[in-house]
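# Working through the structure, step by step
Each chain, letter by letter, is given below.
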Amino acid sequence: MKPEMPILGFYTGWLYSMAMVFTGISGNLSVALYLASMAEVGQGRTLTRVEITAIAWAMNIFSGIINTIGTKAIGRMSTFNVWWTLGGTFVLAITLLVKAPVKNSPDFVFTNFQNFTGWESRGFVVLLGFLQAVYTLEGCETAAQVAEEAVRAEILAPLAVVGSIAGSWLIGLAYMLSLLFAVQNIASVQATTFAIPISQLFYDAVGPQLAQLCLVVVTLAQVMAAITNFTASSRLFYALARDNAFPLKKQYMTLNRFQAPYWGVWTSVLIGCIISCSYIGSAVAFNAILSSAATSVMLSYLQPIVIRVFWPNSIEDFGPFCLGKWSWPVNFASFSFCIFICILFVLPTAFPVNVLNMNYAIVAVGGLLVIITINWFWWGKHSFKGPVKTFI
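For clarity, every value in this text was computed on a predicted model and none was experimentally measured.

When helices and strands are counted, the protein chain shows 15 helices and zero strands. On C-alpha atoms alone, the protein chain measures out to a radius of gyration of 22 Å, which is about the 21 Å that the 2.2 N^0.38 rule sets for 392 residues. In terms of overall dimensions, the protein chain has a C-alpha envelope of 60 × 45 × 45 Å along the principal axes. Per-residue burial for the protein chain yields a buried fraction of 43% across its 392 residues. Counted over contacts in the protein chain with a minimum sequence separation of 6, partners at least 24 positions apart contribute 78%. Roughly 20,400 Å² of accessible area belongs to the protein chain as shown, and the carbon and sulfur atoms make up 70% of that amount. When the 19 basic and 14 acidic side-chain charges of the protein chain are each reduced to a single mean position, those positions are 7 Å apart.

Quick look at the pattern of salt bridges now. Once the charged atoms of two side chains with opposite charge are near each other, the side chains can pair. A complete count under the given rule lists two salt bridges for this structure. One salt bridge in this structure joins Arg-45 and Glu-51, with 2.7 Å as the shortest N-O distance. We classify Arg-45 as partly exposed; its relative accessible area is 41%. Note that Arg-242 and Asp-243 form a salt bridge whose closest N and O atoms lie 3.0 Å from each other. In this pair, the class of Arg-242 matches that of Asp-243, namely buried.

For the rest of this paragraph, the subject is the side chain of Asn-81. In this fold, Asn-81 is placed in helix H3 (residues 71-99). By relative accessible area, Asn-81 is classed as buried at 13%. Sequence-distant contacts of Asn-81, that is, excluding residues within four places in its chain, are made with Ala-221, Met-224 and Ala-225.

Given a rise of 1.5 Å per residue, 21 residues ought to cover 30 Å, and the 30 Å separating the end C-alpha atoms of helix H2 (residues 49-69) matches this to within 8%. Every buried residue of H2 is listed here: Ile-52, Thr-53, Ala-56, Met-59, Asn-60, Ser-63, Gly-64, Asn-67 and Thr-68. Considering only its buried residues, H2 is in contact with helix H1 (6-43), H3, helix H9 (197-242), helix H11 (262-276) and helix H12 (278-281).

What follows is about the nonpolar core. Side chains of nonpolar character tend, in soluble globular proteins, to be buried together. Formed by 59 residues in total, the largest nonpolar core has its most connected members in Phe-10, Ile-52, Leu-96, Leu-201 and Phe-202. Counting residues per element, this core draws most heavily on H1, which supplies 16 residues. For Leu-96, the residues in contact, after removing those within four places along its chain, are Ser-178, Leu-179, Ala-182, Leu-201, Phe-202, Ala-205 and Val-206. Phe-124, Ala-294, Cys-338 and Phe-345 belong to the second-largest nonpolar core, a separate cluster that totals 15 residues.

Let us look at unusual backbone geometry. Backbone torsion omega between Phe-351 and Pro-352 reads 0°, so that peptide bond is classified as cis. With respect to the secondary-structure elements, Pro-352 resides in the loop between helix H14 (327-345) and helix H15 (361-383). Phi at Leu-248 is positive, roughly 55°, even though this residue is not glycine. With respect to the helices and strands, Leu-248 occurs in the loop between H9 and helix H10 (249-252). For Leu-248, a relative accessible area of 46% corresponds to the partly exposed category. Of note in this structure, Gln-259 is not a glycine but carries a positive phi near 60°.

The next point concerns the packing of aromatic side chains. The relative placement of two aromatic rings is captured by the distance of their centres and the angle of their planes. Enumeration over the complete set of coordinates arrives at 19 aromatic pairs. Note on Phe-80 and Trp-84: the rings are 5.9 Å apart at their centroids and 35° apart in plane angle, and the pair reads as tilted. Of this pair, Phe-80 and Trp-84 both sit in helix H3, four residues apart, roughly one helical turn. Classification of Trp-84 as partly exposed rests on a relative accessible area of 25%. Arg-49 extends its terminal NZ or CZ atom over the ring of Tyr-279, reaching a point 5.0 Å from the ring centre.

Next up on the list: a nonpolar patch on the surface. Taken together, the side chains of Trp-57, Ile-61, Ile-65, Ile-69 and Trp-266 present a nonpolar region at the surface, about 440 Å² in accessible area. Top contributing element to the nonpolar patch by residue count: H2, with four residues.

A word on the environment of Ala-205. As for its placement among the helices and strands, Ala-205 is situated in helix H9. Given a relative accessible area of 3%, Ala-205 falls into the buried group. Along the backbone, Ala-205 and Ile-374 are 169 residues apart, and their C-alpha atoms lie at a distance of 51 Å. Ala-205 has contacts with Leu-96, Lys-99, Ala-100, Pro-101, Ala-182 and Gln-184, leaving out every residue within four places of it along the chain.

With that out of the way, let us pick up the packing of H2 against H11. Axis separation between H2 and H11 bottoms out at 9 Å; the angle between their running directions is 175°. Taken together, H2 and H11 sit at an angle that is classed as roughly antiparallel. Note on element contacts: H11 touches H2 through Tyr-262, Val-265, Trp-266, Val-269, Gly-272, Cys-273 and Ser-276, opposite Thr-53, Ala-56, Trp-57, Asn-60, Ile-61, Gly-64, Ile-65, Asn-67 and Thr-68. Residues belonging to the contact of H2 with H11 are distributed by class as follows: nine nonpolar, seven polar and no charged.

About the cut-offs
Residues numbered from 1 in each chain as written. Predicted model: local features only at pLDDT ≥ 70, side-chain atom pairs only at ≥ 80, totals over all residues. Heavy atoms only, no water. Helix = DSSP H or I, 4+ residues; strand = E, 2+ residues; numbered from the N terminus. Rg over C-alpha atoms; globule rule 2.2 N^0.38 Å. Buried < 20%, exposed > 50% of the residue type's maximum accessible area, 1.4 Å probe, protein only. Contact = heavy atoms within 4.5 Å. Areas by Shrake-Rupley, 256 points an atom, 1.4 Å probe, with all protein chains shown as cover. Lys, Arg positive; Asp, Glu negative; His and termini not counted. Charge placed at Lys NZ, Arg CZ, Asp CG, Glu CD. Salt bridge = Lys/Arg side-chain N within 4 Å of Asp/Glu carboxyl O. Expected span 1.5 Å × (residues − 1). Core = buried A, V, L, I, M, F, W, Y, C linked by side-chain atoms within 4.5 Å. Phe/Tyr/Trp six-rings, centres within 6.5 Å; stacked < 30°, edge-to-face > 60°. Lys NZ or Arg CZ within 6 Å of the ring centre and 35° of its normal. Patch = residues over 30% accessible without salt bridge, like charges linked within 9 Å, V, L, I, M, F, W, Y side chains within 5 Å. Axes fitted to C-alpha atoms, helices over the stretch in contact; angles between N-to-C directions. Parallel < 35°, antiparallel > 145°, perpendicular 65-115°, else oblique. Nonpolar A, V, L, I, M, F, W, Y, C, P; charged D, E, K, R; others polar.

Coordinates in, geometry out; function isn't part of it.
Below, the structure written as structure tokens:
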């Protein structure tokens, strides 16, 4: 197999596009669950699955509206979200550390080990912790999806990606430390009846009123993040259609008067509303679809890394950032990490394994790969010959 084979680009584009859609759907359902938790904490009212799904629908549609008519506002919103996340993390950390009735010791925070998974292997349980850690990296490269709309994208897009990862690490570390120092009872959080377990931690640490403040901070950040996921997916659909890798090329390349690829936006919304309905019947089925998003992202990351590992001389023109002699070792480390994480993502997270706690991500990813394969052999291999070069 040669690195210039179109099938590699076809699979990468489709996998990543659908992963961004799934991530946006996950974000909007998270918003619905946070709002449901706020109702439980503030009013003692438990929302049904149908009501939570209805809220998720509303959030999907809201994301679609913003991406359709608020194209210019999305950039400002993303900037605001950076400062909101920074300020919100500071507020959360101070609130938790000041108001928590019991502060945990550094020994508890850094060395205590509690296992609620049922697995006896401590090493495997530690590896399962990578799932949430790696999930936070998903979408860090979304700046690259709107690179065609940026000036000096060859410099700004890579800087934005690296800045996103570094910022996520710093903010996440501060947030995690404040949670661990303030948590009152991990077993209580694990056994909570709230829609989102973190609500129980807030409730135990700071009481019902401040818990709602904490939930508002997290919820608003999640709303803005979900909107930008649909921004990325719509641009990806546009790019795929431009390169003849997506059906209905004319429609998906059409921009409205706000310069938004609205066909891609509302395709994301439609898929989101359809998938959200599965939450009514089974949270297991819904979680399987959404957990496949992280695996799909890692698989899409893997393809260009594979080329740099096995065909290191395939790229002749480098951008302003080049690793030089460190390029191959870094890419090989990335390749190994992606393979390891993709395997880890599909392993069961609880023991004993049953139909309710089984990790069905492998089924969802397999289904997505089947759909992509059908599209490739149906029409993709006849129309897609590689990226279409554009000049300005």
